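# A closer look at the structure
Spelled out from the first residue to the last, the chains are:
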Amino acid sequence: EKIASFFDGSFHSTTRESKMVELEELLLDSDLNTEKSTLLFQIISHLVHSAGSGRHGCTLVIDLNEPPVLLSGHVLDPSLSLLEPKNIKLACSLLKIDGAVHITSDLCVNGFGCLLDGKTIKWENMARGARYNSALRFSADHSRIMIVVVSADRPVSIIYNGIELNAFSHWK
């Protein structure tokens, strides 16, 4: 019985859960120590799978900047530590609110309902919608930012430096 496929250069699994290999690689290649990058990846995976099983879209901004980028939206002061299980459950609920959830390198939710804006870029895809294109624009303008876009009707997109890393690519 087939359990995985790489038919288009991407990993596909019969569990129907996104594996987010590209995000894991980005975090491991970052200047975070291995323990922290692994824990951050596990937390993000849990949040993404929660949104997927709830059948709603969301945007997660993973901000490795010190200090974190200032986003418009509901800023939490103090931020919400994702090392506490009750806060992970709350973060799963915040994913249902319109706008992005801002997660920092210290494993905290810094804000929610955040708006992502940026200059128009020529490789936008209007068929993908505002959530996806806002993530492309914002990440193109901000370094050390990784964005995970979960669409209710499409796979999970990993966006870094204005490029979807896990997109299907046709050779010309």
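Residues numbered from 1 in each chain as written. Predicted model: local features only at pLDDT ≥ 70, side-chain atom pairs only at ≥ 80, totals over all residues. Heavy atoms only, no water.

Our next topic: the state of the cysteines. Scanning all chains against the criterion turns up 0 disulfides. No disulfide involves Cys58; its sulfur sits 9.2 Å from the nearest other cysteine sulfur, which is in Cys92. (Disulfide = S-S within 2.5 Å.)

Taken in spatial order, the 7 strands of this open sheet run S4-S6-S5-S3-S7-S8-S9, and their pairing is mixed. Lying at the two open borders of the sheet, with one neighbouring strand each, are strand S4 (72-81) and strand S9 (163-164). Two strands pair when backbone bridges link them, and strand S8 (residues 157-160) and S9 are joined in this way by 2 bridges, in the antiparallel orientation. Bridge pairing in S9 links Tyr160 to Ile163. Set on the sheet, helix H4 (residues 130-141) makes contact with strand S3 (58-63), strand S7 (145-150), S8 and S9; between it and S7 the angle comes to about 175°. (Pairing = 2+ DSSP bridges. Helix = DSSP H or I, 4+ residues; strand = E, 2+ residues; numbered from the N terminus. Contact = heavy atoms within 4.5 Å. Axes fitted to C-alpha atoms, helices over the stretch in contact; angles between N-to-C directions.)

The subject of this paragraph is the environment of Leu76. Along the chain, the position of Leu76 falls in strand S4. On the basis of relative accessibility, which here comes to 22%, the residue Leu76 falls in the partly exposed class. Sequence separation between Leu76 and His102 is 26 residues; the distance between their C-alpha atoms is 9.8 Å. Leaving out residues up to four positions away in the same chain, Leu76 has contacts with Val109, Asn110, Gly111 and Phe112. (Buried < 20%, exposed > 50% of the residue type's maximum accessible area, 1.4 Å probe, protein only.)

Residues Trp123, Ile163 and Leu165 make up a contiguous nonpolar surface patch of about 290 Å² in total accessible area. The topology assignment puts Ile163 in strand S9. Exposure remark for Ile163: the relative accessible area of 47% places this residue in the partly exposed category. (Patch = residues over 30% accessible without salt bridge, like charges linked within 9 Å, V, L, I, M, F, W, Y side chains within 5 Å. Areas by Shrake-Rupley, 256 points an atom, 1.4 Å probe, with all protein chains shown as cover. Salt bridge = Lys/Arg side-chain N within 4 Å of Asp/Glu carboxyl O.)

Burial analysis of S7 places 6 of its 6 residues in the buried class, the great majority of the element. Burial along S7 is two-sided: the face carrying Ile145, Ile147 and Val149 and the face carrying Met146, Val148 and Val150 are both buried. Sheet topology note: the S3/S7 ladder contains 6 bridges and is antiparallel. Paired with Asp63 across the bridge in S7 is Ile145. Sheet analysis places S7 next to S8, joined by 4 bridges and oriented antiparallel. Pairing of Ile147 across the sheet is with Ile159, part of S8.

This paragraph deals with unusual backbone geometry. Between Glu66 and Pro67 the backbone carries a cis peptide bond, its omega angle lying at -5°. Assignment of secondary structure puts Pro67 in the loop between S3 and S4. With a phi close to 55°, Arg55 is a non-glycine residue in the positive phi region. One non-glycine residue, Leu107, adopts positive backbone phi at about 65°. Note on Leu107: relative accessible area 5%, which makes it buried.

Purely geometric stuff here, so don't read any function into it on its own.
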